[in-house]
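Each chain, written out:
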Amino acid sequence: MIQTKLLIIEYNTINNPEQNPIKLKTIRSVRNLLMQIDFISETVPLDNTEKLKELLTSLKGEALNKEESSIAEELITIKE
C-alpha cells in the first residue's frame, strides 16, 4: 500500500511540467528505506505522520531532512 502511494507521488512528480529533481531523489531515498521493511511481519503506519516519520528515522539511523519529512506527510495524505 505505501509502496503504491510512493509510486503515485513519483509518477506525479515525473509528469509535472516543473520537475523537481530534489523531490525525485528524495522519493528514491525513501523507497530504499522502505525496502528494508518486511511487510509480512511488520505494520507500516499509514494513518499517522509522526509514527511514519519515526519509522523512517529508525530505518535511516538519523533524523529525516526536510524533503524526507515532506514525502512522509504526503504519503499519509495522498489518496490512491
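Draft legend 1. Here's a closer look at the pattern of salt bridges. Following the criterion strictly, the structure yields five salt bridges and no others. Note that Arg31 is salt-bridged to Glu10, the shortest N-O span being 2.2 Å. Placement of Arg31 in helix H2 (residues 21–34) and of Glu10 in helix H1 (residues 2–14) is noted, with a sequence separation of 21 residues between them. On the basis of relative accessible area, Arg31 is assigned to the partly exposed category, the value being 25%. A residue is classified by how much of its surface remains accessible, and Glu10, at 10% relative accessible area, is buried. Glu74 is paired through a salt bridge with Lys23; the nearest N and O atoms lie 3.1 Å apart. With a gap of 51 residues between them, Glu74 in helix H4 (residues 66–77) and Lys23 in helix H2 connect regions that are remote in the sequence. Connected through shared salt-bridge partners, Glu10, Arg28 and Arg31 make up one network.

Draft legend 2. Representation of the nonpolar core within the structure. By size, the foremost hydrophobic cluster in this structure holds 18 residues, and its most contacted members are Leu6, Val30, Leu34, Leu52, Leu56, Ile71 and Leu75. Every element with two or more residues in this core is listed here: H1, H2, helix H3 (49–60) and H4. Dropping the residues within four chain positions of it, Val30 is found in contact with Leu6, Leu56, Glu68, Ile71 and Leu75.

Rules used throughout
- Residues numbered from 1 in each chain as written.
- Predicted model: local features only at pLDDT ≥ 70, side-chain atom pairs only at ≥ 80, totals over all residues.
- Heavy atoms only, no water.
- Salt bridge = Lys/Arg side-chain N within 4 Å of Asp/Glu carboxyl O.
- Helix = DSSP H or I, 4+ residues; strand = E, 2+ residues; numbered from the N terminus.
- Buried < 20%, exposed > 50% of the residue type's maximum accessible area, 1.4 Å probe, protein only.
- Core = buried A, V, L, I, M, F, W, Y, C linked by side-chain atoms within 4.5 Å.
- Contact = heavy atoms within 4.5 Å.

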